[in-house]
Amino acid sequence: MYNIYNSGRIQGVKINMTEYATLIIEGKEYKLPVICGSEGEKAIDIRSLRQQTGYITIDPGFANTGSCKSAITFMDGERGILRYRGIPIEQLAEHSSFVETAYLLIEGKLPTQTQLTRTSVYLNDFSLLHEDMRSFYQNFPSKAHPMGILSAMVNAMRSFYPEFSDEDREFNKTFLRLISKVRTMSAIAYKISRGHRPVYPRPDYSYCANFLHMMFDNPVIPYRLDRDFEQALNVFWILHADHEQNCSTATVRVVGSGRVNVYAAISAGISALWGPLHGGANQAVIKMLEQIRDDKLTIPQAIARAKDRNDPFRLMGFGHRVYKTYDPRAKIMKKMCDLVLSKKRCKDSLLDIAVELEQAGMADHYFQDKGLYPNVDFYAGIMLRAMGIPTNMFTVMFAIGRLPGWLAQWKENSTDPEQKISRPRQIYTGNNVMDYIPMDQRHA
Ligand code: SDX
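Residues numbered from 1 in each chain as written. Predicted model: local features only at pLDDT ≥ 70, side-chain atom pairs only at ≥ 80, totals over all residues. Heavy atoms only, no water.

A.B. asks: I tried to follow the packing of helix 10 (residues 247-256) against helix 11 (residues 262-273) on my own but got confused; where do I start?
C.D. replies: To describe two helices that pack against each other, one gives the angle between their axes and the distance between the axes. Contact pair helix 10 / helix 11: the axes reach a minimum separation of 8 Å and the direction vectors enclose 150 degrees. Between helix 10 and helix 11, the crossing angle belongs to the class labelled roughly antiparallel. As helix 10 packs across helix 11, the resulting crossing turns out to be right-handed. Between helix 10, through Cys247, Ser248, Thr251, Val252, Val255 and Gly256, and helix 11, the contact on the second element is made entirely by Ala264, Ala265, Ile266, Ala268, Gly269, Ala272 and Leu273. Here the residues of the contact of helix 10 with helix 11 sort into nine nonpolar, four polar and no charged. (Axes fitted to C-alpha atoms, helices over the stretch in contact; angles between N-to-C directions. Helix = DSSP H or I, 4+ residues; strand = E, 2+ residues; numbered from the N terminus. Parallel < 35°, antiparallel > 145°, perpendicular 65-115°, else oblique. Left-handed = near helix turned anticlockwise from the far one by under 90°. Contact = heavy atoms within 4.5 Å. Nonpolar A, V, L, I, M, F, W, Y, C, P; charged D, E, K, R; others polar.)

Spelled out as structure tokens, the structure:
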């Protein structure tokens, strides 16, 4: 799904009153307003279409359909542009922190030093998890997927942490409590799955350092924080923080449109992200690279299989609904991947396969003609693996990063006067009217 990016600089969305789309149906003309966003994107406003014409539109997967106007993230898929609140992702990856980027997305502007410090204090204050919630983990099977655990735990948070009634004007404390605890809950899921005792957060550690500490510290081998790993994680989460109306964000908006609490909407977003075509792709990339290695596929064989429509094999980490050129996040992700591998002084045979696969894929006319390029997931898994994050936690890492974007989008949706409950139409293709058939007249 798409949105019309409107930076808010234009009061309301500019409807250029001379711009209309004229629709001719059965010889009759209908004029539909054209709206234009702050980056020149245009949309035909069809909200009166059915009432005027009796027709609806249909667009499986919403590839051509905008669900909203938004001032949060701007993407240009043809030019490979991604900006949060107008700031290019390359600059945020270079200069910002994940906590500062989260503030930018949610509050719409970069924080002052005082605001950033107070945000960090709140995140620290909220980093513990209610001991009664920790007992939930004992009842999940040891092999439970951490995405299922995270979705359940976030939904359960509403019972333990109802929204703050005295929301601070400058900070949404409910959001900050979610951002802080989602990190703690994820690390606990990992520790419990290893049969280890969960590790408490440290007050002297940053958001990212604390996550690594809670994941990897243990009584016999104290975790020695690597600042380059902390920086790589910062950048990883900045790159994943928002991405316009992707599947999981659209889910958060749809679920939120029924005016349900934010925890339930975020829990739905986590579930939507889980799929291998979406946030589960980083896990699927590793599985694909391991299959190429273990089946001793050559790169040409792998490329040929990916192009064969009768073969379910796909180049995971390649292709994107919006980017028809190189995903700007993938370039930065590759740099972080190289940084982590250089620190580990380890080589990863999967990285060698990935680099060859990327070169072969990008040189192949099939992928060029279809606009299929590496996306953010292509290198993410290799970096996470090098950091010691287990494969089944990769999508959880994506969810932690995407949470500020979901929250910003949920907030924008719930305060948009034009938004209603999401309720798409359909074209019915089933039986025409027929009578009930008594049991003794039915045939198998
Ligand atoms: C994310 O939306 C977002 O912004 C998502 C995301 C975010 O930050 O939220 O960026 C995160 O989800 C990134 C995408 C991760 N998924 C993958 O890497 C999985 C592999 N990619 C594909 O499944 C696919 O490219 C999608 C799902 C990403 C996009 O699919 P579309 O836009 O629905 O396109 P499509 O499936 O209709 O494919 C168009 C053509 C098809 O061939 P034809 O039917 O036209 O002959 O391209 C082919 C597809 O078969 N194709 C691929 C391919 N991806 C598409 N062929 C081989 N390998 C691939 N990876």
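A.B. asks: Whenever I open this one, empty space enclosed by the protein confuses me. Can you help?
C.D. replies: Take a probe with the size of a water molecule and roll it over the atoms, and the empty space left behind shows itself. Applying the stated criterion across every chain yields a total of two cavities of 30 Å³ or more. Empty space within the largest cavity amounts to approximately 80 Å³. Along the walls of the largest cavity sit twelve residues, with Tyr103, Ile106, Glu107, Asn172 and Leu176 positioned nearest its centre. Those elements giving two or more residues to the lining of the largest cavity turn out to be helix 3 (98-107) and helix 7 (173-193). (1 Å grid on protein atoms, 1.4 Å probe; cavity = no way out; pocket = protein on both sides within 12 Å on 5 of 7 lines; lining within 4 Å. Points joined across faces, edges and corners; volume = space filled by probe spheres on them.)

A.B. asks: Whenever I open this one, the site of the ligand confuses me. Can you help?
C.D. replies: Contacts to the ligand come from 24 residues, most closely from His243, Arg309, His320, Arg329 and Arg402. Within the contact set of the ligand, an oxygen atom lies 2.6 Å away from a side-chain nitrogen or oxygen of His243. The separation between a nitrogen atom of the ligand and a polar main-chain atom of Leu315 is 2.8 Å. Here the ligand loses 76% of its free accessible area of 1100 Å² to cover by the protein chains. According to the grid-proximity analysis, the pocket containing the ligand is the second largest pocket. Those elements that place two or more of their residues in the shell around the ligand are helix 16 (365-369) and helix 18 (394-414). Partitioning the shell around the ligand into residue classes produces ten nonpolar, seven polar and seven charged. (Near = heavy atom within 4 Å. Polar contact = N/O pair within 3.5 Å; in protein donor to acceptor, adjacent residues only side chain to side chain. Areas by Shrake-Rupley, 256 points an atom, 1.4 Å probe, with all protein chains shown as cover. Sits in = over half its atoms within 2 Å of the grid points.)

A.B. asks: Help me out: how do you make sense of the domain arrangement of the protein in this one?
C.D. replies: Size of an interface: often given as the accessible area lost when the parts come together. Here the domain parsing of the protein yields domain 1 (2-57) and domain 2 (68-417). Once you take the C-alpha centre of each, domain 1 and domain 2 turn out to be 34 Å apart. For the pair domain 1 and domain 2, the two sides together bury roughly 1100 Å², of which 52% comes from carbon and sulfur. For domain 1, the biggest contributors to the area lost against domain 2 are Tyr2, Asn3 and Tyr5; these three give 59% of the whole. Inspection of the region where domain 1 meets domain 2 yields one salt bridge. (Domains from an automatic or database assignment. Buried area = accessible area lost by both parts, 1.4 Å probe. Salt bridge = Lys/Arg side-chain N within 4 Å of Asp/Glu carboxyl O.)

A.B. asks: Quick question: what am I supposed to make of the pattern of salt bridges here?
C.D. replies: Side-chain pairing between opposite charges can occur once the charged atoms of the two side chains come close. According to the stated counting rule, one finds 20 salt bridges in the structure shown. Across the salt bridge formed by Arg385 and Glu290, the nearest N and O atoms sit 3.5 Å from each other. Remark: Glu290 occurs in helix 12 (residues 281-294) and Arg385 occurs in helix 17 (residues 377-386); sequence separation between them is 95 residues. Exposure remark for Glu290: the relative accessible area of 26% places this residue in the partly exposed category. Notably, a salt bridge pairs Asp364 with Lys307, separated by 2.8 Å at the nearest N-O pair. Residue Asp364 is located in the loop between helix 15 (349-363) and helix 16, and its partner Lys307 is located in helix 13 (residues 299-307); the two are separated by 57 residues in the primary sequence. (Buried < 20%, exposed > 50% of the residue type's maximum accessible area, 1.4 Å probe, protein only.)

A.B. asks: What am I meant to see in helix 10 here?
C.D. replies: For an α-helix, the turn length of 3.6 residues means that residues three or four places apart are oriented alike. Among all positions in helix 10, only Ser248, Thr249, Ala250, Val252, Arg253 and Gly256 are buried. Residues of helix 10 that are buried in the fold lie against strand 5 (66-70), helix 11 and helix 18.

A.B. asks: Even after reading the chapter, I still don't get the pairing of strand 6 (residues 73-76), so can you show me in this structure?
C.D. replies: Within a regular beta strand, the side chains point alternately toward one face of the sheet and then the other, so they alternate between its two faces. Burial of the side chains of strand 6 extends over both faces: Thr73 and Met75 are buried on one face and Phe74 and Asp76 on the other. Across four bridges, strand 6 lies against strand 7 (residues 81-84) in antiparallel orientation. Across the sheet, the residue bridging to Met75 is Leu82, located in strand 7. Between the end of strand 6 and the start of strand 7, which pair antiparallel, lie four residues, with Gly80 showing a positive phi angle near 65 degrees. (Pairing = 2+ DSSP bridges.)

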